[in-house]
Amino acid sequence: MVEYVASVTSAERRRLGEFLEALRTPCDVSMNPSSQFNSTEFETEFRSKLLTHHCFMGSPLFQESFDSAFFSSCTRAGFDVVRAPDGQRFWDVKVAGRRISLKSTKAKNLRDDTLHISKLTEAAWIQDCRTASARRERTFKLFKEYRAEADAIIQLRYFQDRRRYELVEIPVTLFSQILEVRLTHFSAEGPTINIPIGQDPPDFTLKLDRSDAKITIANIRKHLCIVHGTWQL
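Visitor: Can you walk me through the environment of Asp92 in this structure?
Guide: Along the polypeptide, Asp92 turns up in the loop between strand E2 (81-83) and strand E3 (93-95). C-alpha separation for the pair Asp92 and Ile215, spaced 123 residues apart in sequence, amounts to 17 Å. Excluding anything up to four places from it in sequence, Asp92 contacts Phe71, Arg83, Ala84, Ile100, Ser101 and Leu102. Within polar-contact distance, the side chain of Asp92 engages the backbone nitrogen of Leu102 at 2.7 Å.

Structure representation (structure tokens):
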């Protein structure tokens, strides 16, 4: 460290000062005591990555940056971490044997009590299906495959107006209810189905987005999920 201090230029010294100041930004952290990620090693590593992006680089932790931060935090915490192979469709990382899909959002209309996954997965077949039976069959096939290959979805949510990050796990077991939906609910070319049928409010809403050829999961009730931690700047 001494040799670095002696050799840095004035510009480098300013950047180092700014970086250290960013890492020391006041941040109120709350970790779920029951979370598998509730460890000093995970939290401090994740917070340092978050503050580096948010306060030093000036952009929210999001997408690939979130993935990288999550990988390194899990590794630092001592988990066995395996990145998904190229071409893997439904999950991004295996942590202690659990296959996890990583999502992030900074949408302006985030709600406290519900979650939204704009793109669970691509589904080009939606645009080719012309009958309710075809849509139902392909939807059932997709979610059987999804549940067989992925164990959980973890989403990092950034509430811009509050400067607050939230790490939430959505259990894939919720999607088992999709396989109980009757044929009539797939009549529209791009159906929007509240699940379970008839419950108000629903556990979640399944949307077959025909225009963008993707599956959207909306209105996921937060109390059915696991909040692993929050970081309030």
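Visitor: In this structure, what is going on with the side chain of Gln155? I would like to understand it.
Guide: Mapped onto the fold, Gln155 is located in strand E6 (residues 152-159). For Gln155, a relative accessible area of 3% corresponds to the buried category. Reaching out from Gln155, the side chain makes a polar contact with the backbone oxygen of His116 at a distance of 3.0 Å. Once residues lying within four places of it in the same chain are set aside, the contact partners of Gln155 are Lys103, Ser104, Thr105, Leu115, His116, Ile117, Glu166, Leu167 and Val168.

Visitor: Explain the sheet that holds strand E9 (residues 204-209) here, please?
Guide: As a general point, the strands of a sheet are linked pairwise by backbone hydrogen bonds and lie either parallel or antiparallel. In spatial order, the strands read E5-E10-E9-E8; together these four strands make up an open sheet with antiparallel pairing. Either end of the sheet is taken by a strand with one partner, and the two such strands are strand E5 (114-122) and strand E8 (192-195). Neighbouring strand axes in the sheet, compared pairwise and without regard to direction, differ in orientation by 15 degrees on average. In the sheet, E9 pairs with strand E10 (residues 214-221) via five bridges, with the strands oriented antiparallel. Of the residues in E10, the one forming a bridge with Lys207 is Thr216. Most of the contacts of helix H5 (residues 132-149) go to E5, to which it runs at about 100 degrees, and overall it touches E5, E9 and E10.

Parameters and conventions
- Residues numbered from 1 in each chain as written.
- Predicted model: local features only at pLDDT ≥ 70, side-chain atom pairs only at ≥ 80, totals over all residues.
- Heavy atoms only, no water.
- Helix = DSSP H or I, 4+ residues; strand = E, 2+ residues; numbered from the N terminus.
- Contact = heavy atoms within 4.5 Å.
- Polar contact = N/O pair within 3.5 Å; in protein donor to acceptor, adjacent residues only side chain to side chain.
- Buried < 20%, exposed > 50% of the residue type's maximum accessible area, 1.4 Å probe, protein only.
- Pairing = 2+ DSSP bridges.
- Axes fitted to C-alpha atoms, helices over the stretch in contact; angles between N-to-C directions.

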